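Here are the chains, one letter per residue:
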Amino acid sequence: MEFPFGKILADSIAVALIAYMESYSVSRRIAAKRGELHLLNASQELWANGVANLLASVSSAYPVCGSFSRSSLNDACGAKTPLSKITTMVVVVISLKSLTGTFQYIPQAVLAAIIFAAVW
């Protein structure tokens, strides 16, 4: 099976732009809510996403972008430091390792409702 480089490059650019737009919109929403919109820098966000995706590609990881539901949940809980993101990561990894078999029985509509409630 042959993969044309131009097609892969076009798809990669689209994924990168969508990931950047999602990540920036999440940070913009939370910064506006906190009254810290003046601290937000779009160039810095793009640079951080680019470096994170470059480093993730070395280990064959998924593309990196900001999670709207997790960021909203952290903000709603009053998280202030990066330690909250590490704590969230540990909880997600433990949940995925131990509950994946159970998660397959949850209807997609319920999962959509959970995400909607976290973002709202």
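Residues numbered from 1 in each chain as written. Predicted model: local features only at pLDDT ≥ 70, side-chain atom pairs only at ≥ 80, totals over all residues. Heavy atoms only, no water.

Now for unusual backbone geometry. With a phi angle near 60°, S60 is a residue other than glycine that sits in the positive phi range. Within the secondary structure, S60 sits in the loop between α2 (42-58) and α3 (68-76). Its relative accessible area of 69% is what places S60 among the exposed residues. (Helix = DSSP H or I, 4+ residues; strand = E, 2+ residues; numbered from the N terminus. Buried < 20%, exposed > 50% of the residue type's maximum accessible area, 1.4 Å probe, protein only.)

In this structure, the largest pocket occupies an estimated 1,200 Å³ of space. In terms of lining residues, the largest pocket is bounded by 35 residues, among which V26, G66, S67, S71 and K85 are the most central. Where the lining of the largest pocket is concerned, the elements lending two or more residues are α1 (5-34), α2, α3 and α4 (83-103). Of the residues assigned to the lining of the largest pocket, the class counts are 16 nonpolar, 12 polar and 7 charged. Approximately 530 Å³ is the volume attributed to the second largest pocket. Taken together, 14 residues line the second largest pocket, and the ones lying closest to its centre are S69, R70, V92, I114 and I115. Looking at the lining of the second largest pocket, the elements that each hand over two or more residues are α3, α4 and α5 (108-119). (1 Å grid on protein atoms, 1.4 Å probe; cavity = no way out; pocket = protein on both sides within 12 Å on 5 of 7 lines; lining within 4 Å. Points joined across faces, edges and corners; volume = space filled by probe spheres on them. Nonpolar A, V, L, I, M, F, W, Y, C, P; charged D, E, K, R; others polar.)

These values are about where atoms sit, not about what they do.
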